[in-house]
Amino acid sequence: MECPYCKKEMKKGILSGDARQGISWKEGDKKASMFDKLGGSHCLTAAKSNLSTFKIVAYFCSDCKKMIIDTDVQK
């Protein structure tokens, strides 16, 4: 996916998290492991979390520090 800000290629990865370990993003098809999180890698500084867990496909631009996710809000 092309970044809409800088036009460079974005990296596809998994955005995941829970209240105990925070929220993280890891490039590829697998979410960040407990060892990734313990080492401090892949953690998002702007993210807030609650008690539920989640896993979302997200595209990240390392130059712009922007992330894009596809979503649908159901009423």
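Everything below is about the structure shown above.
Since we're looking at a predicted model, the values are computed, not measured. (Residues numbered from 1 in each chain as written. Predicted model: local features only at pLDDT ≥ 70, side-chain atom pairs only at ≥ 80, totals over all residues. Heavy atoms only, no water.)

**Topic: the pattern of salt bridges**
Logical step 1: In this structure the tally under the stated criterion is one salt bridge.
Logical step 2: Put simply, Asp63 and Lys8 hold a salt bridge, and the shortest N to O gap is 2.9 Å. With Asp63 in the loop between strand S3 (54–61) and strand S4 (66–69) and Lys8 in the segment before strand S1 (11–18), this pair connects stretches of sequence that are 55 residues apart. (Salt bridge = Lys/Arg side-chain N within 4 Å of Asp/Glu carboxyl O. Helix = DSSP H or I, 4+ residues; strand = E, 2+ residues; numbered from the N terminus.)

**What about the pairing of S4?**
Logical step 1: In this structure, S3 lies alongside S4, joined through four bridges in antiparallel fashion. Within the sheet, the bridge partner assigned to Cys61 lies in S4 and is Lys66.
Logical step 2: Turn length for the S3-S4 hairpin, with the two strands adjacent in sequence and antiparallel, is four residues, and the turn residue Lys65 shows positive phi of about 60°. (Pairing = 2+ DSSP bridges.)

**Quick word on the packing of aromatic side chains**
Logical step 1: Tallied over the entire structure, the rule returns zero aromatic pairs.
Logical step 2: Residue placement shows Lys66 over the ring face of Tyr5; its charged tip is 5.2 Å from the ring centre. (Phe/Tyr/Trp six-rings, centres within 6.5 Å; stacked < 30°, edge-to-face > 60°. Lys NZ or Arg CZ within 6 Å of the ring centre and 35° of its normal.)

**Here we look at unusual backbone geometry**
Logical step 1: At Lys7, a position not held by glycine, the phi torsion is positive, near 70°.
Logical step 2: Its location among the elements puts Lys7 in the segment before S1.

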